[in-house]
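Here's the letter readout for the chains.
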Amino acid sequence: MLDLNAIEHAIIIGFLIYVVLCSGSYLVLNIIAFDSLRHYLRQQRTHETEALYTGLEPPISVIVPAYNEGTTIIASLRSILQLNYPNLEIVVVNDGSSDNTLDVMKSYFEMEEFPEAPRISVPCEKIRGVYLSRRIDGLRLIDKENGGKADAINAGINLSRSPLFCCIDADSVLEPSALLRVVQPFLSNSDVIATGGTIRVANGCKVKNGHLISRGLPKNPLALFQLVEYLRAFLFGRIGWSRIRGLLIISGAFGVFKKQAVIQAGGYAKDTIGEDMELILRMYRILNKAGIKHRVEFIPDPVCWTEVPESLKVFASQRKRWHRGLSESLYVNRDLMFSKGSGVVGWVSYPFFILFEWLSPFVELAGYLFTAYLLIMGKVSPIDSAIVFGFAVMLSMVLSVVSFLLDEITFPGTTRIRGILAMLFVSFLECFGYRQLNMLYKIQGAYAWFANKKHEWGTMTRSGSWQN
Amino acid sequence: MNLYQSVTSYLQDKPDFLSYAVWGIVVMVILVLLALVYIFVFRVGFLISSFRRRRVEAEWNDVFRYLRTGEEPESYPPISRGEKPIFLEYWLENRELANEKFGVMLDELARRTRLDKTIVQILDPGKFEIMPSKIWLQGIAIAAIEFVDTEETREALLEMTNSENLFLVVQACTVSAKLRVKGYEKEIIQTMFRFPSDAPEIFARVSQAGGSDVLHFLQPFLDRMPHHTVMNFISLAEESHDDSLVPILLHRLQRTQQQEEIAAIVRTLGQFEFPGLREAIIPYLEHPNLYVRIQAARAMGQVGQPDDIEKLKPLLSSSEWWLRYRTAQAICKLSKNEWQKLEALRASLQDEYAKDIIQHAYEEMDWCST
């Protein structure tokens, strides 16, 4: 007969091993990120990017997919036009918007129809027209039938003229030197197929004429929680992964890709939710199979500012979508795991993402339920469970504080002390509600993927309050 | 009973992992506090220097305004010993942007305020330790030597090339190259070998400051230099417009296998008028790398002859827009943008993309010329 105490003990040990492995991995990523950032900043000090490569930068097409972005598209394009980069082409793709996006673009930038025969390299919905701006050199607008973000980017790829393309969300604002910096890995290593940069939360900041004029903390508590989360994800997660050549995600909000490699991989997949991660995984898988050398890099200081959801409904939809996307991407590209020649990506990052990203909400939920069971059965005291919970809270706070430190090192003096203390308080508070909500949405996302439910995109309500 | 005793007595009959969790919490609280203290100290230093800086700026703004108009102010505010480094930084910012007249006035001000002494003192850490960010301050002092050029400052500058800090060494080498300080060549070469992994950056900074002279004395080392360094060499050779560097570039073009280097050299060669360049570039129109072909097509527009149009024609049908575009531009240049010739060429083409791009390039050049 099974001994219940022994089973309970084994479960506790199992949870502990999971927590130790998970926090140990994050700690290692932290250390790698620290070292990587130190190395990067040291190099930057003696490296004059703009002067060194003047005229040698490869041309880039900036693809801006826009669906019902009539209120923000002009401000976004103004920001893109401030970019300090030679050989820049901007391709705005109107993905069958039902609002006035097309009219706003046509009248503001004096767009005129410019018939052009596209080379269809990746599948996309029917293109209704191509427009050229009389006002801004190198600005083109593609009007196409609605097919989703991935389809819009595919259309942009088909009509883009440069060997590299950059994806920017229409509601994002870029730092002027962001492209110059993010393109550096392509110049120094011909194996690079994609690069990404840091994404920061724009809620609470002020933007005028495409320029960020003041930084600030969002007033909305949900946005504040996400701010801390973004800092953690970008300032040590991605830097650390990039250093060990195991980066699996380039954010859809800001990334530069080698067009040929993307075409070779078949372009953006229309039937997946997390198209940005899926593309990177597919590129890894296909290029690895074809024996083509490839690498994906992350540059810490090019900053792209983006608005995060402030309402719980939009936030829930976003998180469910992300976890569903993660599930789909990992499943579709499962051949990559432990495959020959897949290196750190196949042998470390992929299993890590399954164990500590995909599985974590389930383990967390199981942990809460098991603790409740032990409490009800009187097998642990409330103080004991509070100690274990306190350990988890402190672990999360340490990771947050390390990201604040990295932020201070990368962008010294930009966040006020008051802001840092507020973020510290938020990183404490997030363990009481926000984290659990996130966990539930993630589980719902994974369930939706498992049950193959049709996904509703929902509407991202842009407050636009940070843009003028 | 204190907190420690109550915690240990509580944990006495509990499982081991609970004790680990408690001590883990304690360690993590300490870590969080230490990180906060670090950020706080960092920030206090930042605030103090901002405050001092604002005060110096407020006191000296009027003086600088007078000097900018070429007039002498009625009086000069006193500068305390502690404020001298901040004054130096403020002075340097103005000096770097000053026109000739204002520059002369600022140099005179530097003599009056004995900035040379301040610089020498800052570069001698034993004598002058004011700010926590000494390296940053020393960097400013080194940059200021470009304008406060005396025997003493030159001596301090050469000493700084032996510093252990890479940032300061690069700064010192850069200013030495600008001022052509006696023996700077030896110092630069030594520095590059002392910091081999940072040689590309050192090279880039120094040669930007020293121009083609530096490129010449580094030429014997070119084949032993890493890829980045050579890229910088090429880019600087292009900026220098120095014909005498062409043989070095041609020599490198024959030896290198790096495609980025080949593309950059081909592009650079297109900027020069030098015998034999056309023949050297033609083979690269068929190079397997796209960037090389783009640069070769572009360069042919500058160094080619009308006969070369036939060699460029196949590239007009490439699937890459940029290659078609650069080729079309080159063809337009080689046919002196005469529409009759281009129209005849266009009619002879089968490919619709080739026809389209020729028209595009012609219209663009025609528009630019009007």
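Calculation notes
Residues numbered from 1 in each chain as written. Chains lettered and ligands numbered in written order. Predicted model: local features only at pLDDT ≥ 70, side-chain atom pairs only at ≥ 80, totals over all residues. Heavy atoms only, no water. Helix = DSSP H or I, 4+ residues; strand = E, 2+ residues; numbered from the N terminus. Buried < 20%, exposed > 50% of the residue type's maximum accessible area, 1.4 Å probe, protein only. Contact = heavy atoms within 4.5 Å. Axes fitted to C-alpha atoms, helices over the stretch in contact; angles between N-to-C directions. Parallel < 35°, antiparallel > 145°, perpendicular 65-115°, else oblique. Left-handed = near helix turned anticlockwise from the far one by under 90°. Nonpolar A, V, L, I, M, F, W, Y, C, P; charged D, E, K, R; others polar. Expected span 1.5 Å × (residues − 1). pLDDT = per-residue confidence, 0-100. Pairing = 2+ DSSP bridges. Right-handed = clockwise from strand over helix to strand, strands pointing away. Patch = residues over 30% accessible without salt bridge, like charges linked within 9 Å, V, L, I, M, F, W, Y side chains within 5 Å. Areas by Shrake-Rupley, 256 points an atom, 1.4 Å probe, with all protein chains shown as cover. Salt bridge = Lys/Arg side-chain N within 4 Å of Asp/Glu carboxyl O. Buried area = accessible area lost by both parts, 1.4 Å probe. Polar contact = N/O pair within 3.5 Å; in protein donor to acceptor, adjacent residues only side chain to side chain. Phe/Tyr/Trp six-rings, centres within 6.5 Å; stacked < 30°, edge-to-face > 60°. Lys NZ or Arg CZ within 6 Å of the ring centre and 35° of its normal. Core = buried A, V, L, I, M, F, W, Y, C linked by side-chain atoms within 4.5 Å.

A. Up close: the environment of Val303(B). Residue and element names in this part refer to chain B. Tracing the backbone shows Val-303 in helix H16 (residues 290-303). According to the relative accessible area criterion, Val-303 is buried, its value standing at 15%. Sequence separation between Val-303 and Gln-329 is 26 residues, and the spatial gap between their C-alpha atoms is 13 Å. When residues no more than four places from it in sequence are discounted, the contact partners of Val-303 are Leu-269, Gly-270, Phe-272, Leu-277, Arg-278 and Ile-281.

B. Broad picture of the packing of helix H2 (residues 16-68) of chain B against helix H3 (residues 84-97) of chain B. All names here are of chain B. Here H2 crosses H3 at 40°, and the two axes come no closer than 10 Å. One way to sum up the angle between H2 and H3 is to call them oblique. By crossing handedness, the relation of H2 to H3 is classed as right-handed. Contact residues: Arg-52, Arg-53, Val-56, Glu-57, Trp-60, Asn-61, Phe-64 and Arg-68 in H2; Ile-86, Phe-87, Glu-89, Tyr-90, Trp-91, Glu-93 and Asn-94 in H3. Grouping the constituent residues of the contact of H2 with H3 by class yields seven nonpolar, two polar and six charged.

C. Quick look at helix H15 (residues 417-429) of chain A. An ideal rise of 1.5 Å per residue puts 18 Å on 13 residues; H15(A) measures up with 18 Å between its terminal C-alpha atoms. Turning to H15(A), the residues buried within the fold contact helix H8 (221-243) and helix H14 (382-410) of chain A together with H2 of chain B.

D. Broad picture of the confidence of the model for chain B. Predicted confidence across chain B gives a mean pLDDT of 83, with 94% of residues reaching 70 or more. In this model residues 128-132 of chain B is a low-confidence stretch, pLDDT under 50, and it forms 13 contacts with partners more than four residues away in sequence or in other chains.

E. Up close: unusual backbone geometry. One non-glycine residue, Phe338(A), lies in positive phi territory at about 55°. Within the element layout of this structure, Phe338(A) appears in the loop between helix H11 (312-332) and helix H12 (343-358). For Phe338(A), a relative accessible area of 44% puts it in the partly exposed group. At Arg180(B), a residue that is not glycine, the phi angle is positive and equals roughly 50°. As for its placement among the helices and strands, Arg180(B) is situated in the loop between helix H8 (166-179) and helix H9 (184-194).

F. Representation of the pairing of strand E5 (residues 139-144) of chain A. Residues and elements named next belong to chain A. Of all six residues making up E5, six are buried, and the element is well covered by its neighbours. Judged by which residues are buried, E5 turns out to be covered on both faces: Leu-139, Leu-141 and Asp-143 on one side and Arg-140, Ile-142 and Lys-144 on the other are all buried. Sheet topology places strand E2 (residues 88-95) next to E5; six bridges connect them, and they run parallel. Bridging from a neighbouring strand, Asp-95 pairs with Lys-144 of E5. In the sheet, strand E4 (residues 127-133) pairs with E5 via five bridges, with the strands oriented antiparallel. Bridge pairing links Ile-127 to Lys-144 in E5.

G. Spatial organisation of the pairing of strand E1 (residues 60-66) of chain A. Residues and elements named next belong to chain A. Burial runs high along E1: seven of the seven residues are buried. The side-chain alternation of E1 yields two buried faces, one formed by Ile-60, Val-62, Val-64 and Ala-66 and the other by Ser-61, Ile-63 and Pro-65. Following the chain from E1 across helix H3 (residues 73-81) to the adjacent parallel E2, one finds a crossover that is right-handed.

H. Main features of a nonpolar patch on the surface. Nonpolar side chains collect at one region of the surface, where Tyr4(B), Trp23(B), Val26(B), Val27(B), Ile30(B), Leu31(B) and Leu34(B) lie side by side and expose about 670 Å² of accessible area between them. Examining the composition of the nonpolar patch, we find that six residues originate from one element, H2(B), more than from any other.

I. Representation of the interface of chain B and chain A in the model. Across the boundary between the two partners, chain B contributes 49 residues, which contact 49 residues of chain A. Here chain B meets chain A over a buried area of about 4500 Å², counting both sides, of which 66% is carbon and sulfur. Counting across the chain B and chain A interface gives zero salt bridges. Inspection of the region where chain B meets chain A yields four residue pairs in polar contact (both at pLDDT 80 or more). Secondary structure elements with two or more residues in the side of chain B that touches chain A: H2, H8, helix H10 (199-210), helix H12 (227-240), helix H14 (259-269), H16, helix H18 (321-334) and helix H20 (352-369) of chain B. The element contributing the most residues to the side of chain B that touches chain A is H2(B), with 17 residues. For the side of chain B that touches chain A, the class distribution of residues is 27 nonpolar, ten polar and twelve charged.

J. Expanded view of the side chain of Glu229(A). Residue and element names in this part refer to chain A. Turning to its location among the elements, Glu-229 is positioned in helix H8. Polar contacts involving the side chain of Glu-229 include one to the side chain of Tyr-434, which spans 2.4 Å. Those residues in contact with Glu-229 that lie beyond four places of it in its chain are Arg-319, Tyr-434 and Asn-438.

K. Seen up close, the pattern of salt bridges. By the definition in use, this model includes 36 salt bridges over all chains. Here the residues in one salt-bridge network are Asp95(A), Glu125(A), Lys144(A), Asp151(A) and Lys270(A), joined through shared partners.

L. Region of interest: the packing of aromatic side chains. The full count for this structure, using the stated rule, is 30 aromatic pairs over all chains. Ring geometry for Tyr26(A) and Phe352(A): centres 5.6 Å apart, planes at 80°, overall edge-to-face. Here Phe352(A) lies in helix H12 and Tyr26(A) lies in helix H1 (residues 4-45), a separation of 326 residues in the sequence. The same class applies to Tyr26(A) and to Phe352(A), which are both buried. When the ring of Trp321(B) is compared with that of Trp322(B), the centres are 5.3 Å apart and the planes differ by 85°; the resulting orientation is edge-to-face. Clustering of aromatic rings is evident, with ring pairs tying together Tyr18(A), Tyr26(A), Trp241(A), Phe352(A), Phe353(A) and Phe356(A). Against the face of Tyr108(A) rests Arg135(A), its NZ or CZ located 4.7 Å from the ring centre.

M. Focus on the nonpolar core. By size, the foremost hydrophobic cluster in this structure holds 132 residues, and its most contacted members are Val92(A), Leu179(A), Phe254(A) and Phe257(A). For this core, the leading source of residues is H8(A), giving 13 residues. When sequence neighbours within four positions are dropped, the list of residues in contact with Phe254(A) reads Cys166(A), Cys167(A), Ile168(A), Leu174(A), Ala178(A), Leu179(A), Val182(A), Gly196(A), Gly197(A), Ile199(A), Pro302(A) and Cys304(A). Of all hydrophobic cores here, the second largest spans 74 residues; its members include Ile202(B), Val266(B), Ala328(B) and Ile357(B).

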